[in-house]
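What the coordinates show
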Amino acid sequence: MARPATYPASTPIPRRAQRPGGEPAVFLEPGQLTAATRRPIPRAQLGKRAMSALWALRVLVIILSAMVIYTFFSQLGS
Amino acid sequence: VAILTICAATAYSAGECAGATHSFNNPPRSAMLFYAANITAALIAAGIILIPGAPLLSIALNANVLATVLLPVTLVFVTLLASDRQLMGSRANTVSLNMAAAAIVTFVAGCGAAYGIDSFLQAAHLIPGG
């Protein structure tokens, strides 16, 4: 099997892949798709509510993970 | 099937985090980290289940509970990405789709939290075990 060509991140995306309804993955070769996904995008600007929700999610996940880990080790001991 | 999937997902994540090539489309020589992480994860899993007397049911159950607890994080970030107009253009989530996504994420997070808390309370003998 031929090795897929490599494309630099600056490779232009074909117009037909950019138009509404165009499915980029269909029109792009594997190397072009990889190059397209490597393009850096700016950091998302989130509002206060979204940031608060993400912090609440962090706290929830840490607390619940600690609970699950405690449960696992207590089951190991019993 | 689960071992193949989870090891591949772990290797993919490792490659993505390190910025290294991470695909089965690439030969092992050009994606060393990807293949090494894949094989290492499989070997660790095989090593754990071969420990004599290892509580496999407890390991499997708690690993799944932990996965369910961590799942909302992924779902929230996927929803944020899907709602980003700059990134998704005309395919970005509409308000109604975002509301449906929020309901699903809340339901999944609630179920995971309920299971995790219930298991914890039973393990800590705060409520009678089933």
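Everything below is about the structure shown above.
Everything numeric here is computed off the predicted structure, so don't read it as measured data.

Some details on the overall build of chain B
- Counting secondary structure elements, chain B contains five helices and zero strands.
- Ordered by position from the N terminus, the helices and strands of chain B form the series α-α-α-α-α.
- Sorting the 130 residues of chain B into buried and exposed places 23% on the buried side.
- The long-range share in chain B, meaning contacts at least 24 apart out of those at least 6 apart in sequence, stands at 30%.
- Per element, the accessible surface of chain B, about 8,500 Å² overall, is 75% carbon and sulfur.

Let's talk about empty space enclosed by the protein
- For the structure on display, the rule yields one cavity of 30 Å³ or more.
- Every residue along the wall of the largest cavity is listed here: Leu60(A), Val61(A), Leu64(A), Thr68(B), Val69(B), Pro72(B), Ala109(B), Gly112(B) and Ala113(B).
- Sorting the residues of the lining of the largest cavity by element identifies α4 (48–77) of chain A together with α3 (56–83) and α5 (95–123) of chain B as the ones contributing at least two each.
- Of the residues that constitute the lining of the largest cavity, the class distribution is seven nonpolar, two polar and no charged.

Some remarks on the side chain of Thr71(A)
- Inspection of the secondary structure assignment puts Thr71(A) in helix α4.
- Not counting the four nearest positions on each side in its chain, Thr71(A) is found in contact with Asn62(B), Ser119(B), Phe120(B) and Ala123(B).

A few points about the interface of chain A and chain B
- Each partner contributes residues to the interface: chain A has 22 residues there, and chain B has 28 residues.
- Across the chain A to chain B interface the summed buried area is about 2,100 Å²; carbon plus sulfur atoms make up 74%.
- Together, Leu64(A), Met67(A) and Val68(A) form the three largest contributors to the area buried by chain A at its contact with chain B, with a combined 22%.
- At the surface where chain A touches chain B, the tally comes to zero salt bridges.
- Scanning the region where chain A abuts chain B turns up two residue pairs in polar contact (both at pLDDT 80 or more).
- Considered class by class, the residues forming the side of chain A that touches chain B number 13 nonpolar, six polar and three charged.

Structural notes on the packing of α3(B) against α5(B)
All names here are of chain B.
- α5 packs onto α3 with a crossing angle of 165° between their chain directions and a minimal axis gap of 9 Å. Classified by the angle their axes make, α3 and α5 are roughly antiparallel. Handedness of the crossing formed by α3 with α5: left-handed. On α5, the residues that touch Leu61, Val65, Thr68, Val69, Leu71, Pro72, Leu75, Val76, Thr79 and Ser83 of α3 are Asn98, Ala101, Val105, Val108, Ala109, Gly112, Tyr115 and Gly116.
- Tallied by class, the residues present in the contact of α3 with α5 amount to 12 nonpolar, six polar and no charged.

Rules behind the numbers
- Residues numbered from 1 in each chain as written.
- Chains lettered and ligands numbered in written order.
- Predicted model: local features only at pLDDT ≥ 70, side-chain atom pairs only at ≥ 80, totals over all residues.
- Heavy atoms only, no water.
- Helix = DSSP H or I, 4+ residues; strand = E, 2+ residues; numbered from the N terminus.
- Buried < 20%, exposed > 50% of the residue type's maximum accessible area, 1.4 Å probe, protein only.
- Contact = heavy atoms within 4.5 Å.
- Areas by Shrake-Rupley, 256 points an atom, 1.4 Å probe, with all protein chains shown as cover.
- 1 Å grid on protein atoms, 1.4 Å probe; cavity = no way out; pocket = protein on both sides within 12 Å on 5 of 7 lines; lining within 4 Å.
- Points joined across faces, edges and corners; volume = space filled by probe spheres on them.
- Nonpolar A, V, L, I, M, F, W, Y, C, P; charged D, E, K, R; others polar.
- Buried area = accessible area lost by both parts, 1.4 Å probe.
- Salt bridge = Lys/Arg side-chain N within 4 Å of Asp/Glu carboxyl O.
- Polar contact = N/O pair within 3.5 Å; in protein donor to acceptor, adjacent residues only side chain to side chain.
- Axes fitted to C-alpha atoms, helices over the stretch in contact; angles between N-to-C directions.
- Parallel < 35°, antiparallel > 145°, perpendicular 65-115°, else oblique.
- Left-handed = near helix turned anticlockwise from the far one by under 90°.

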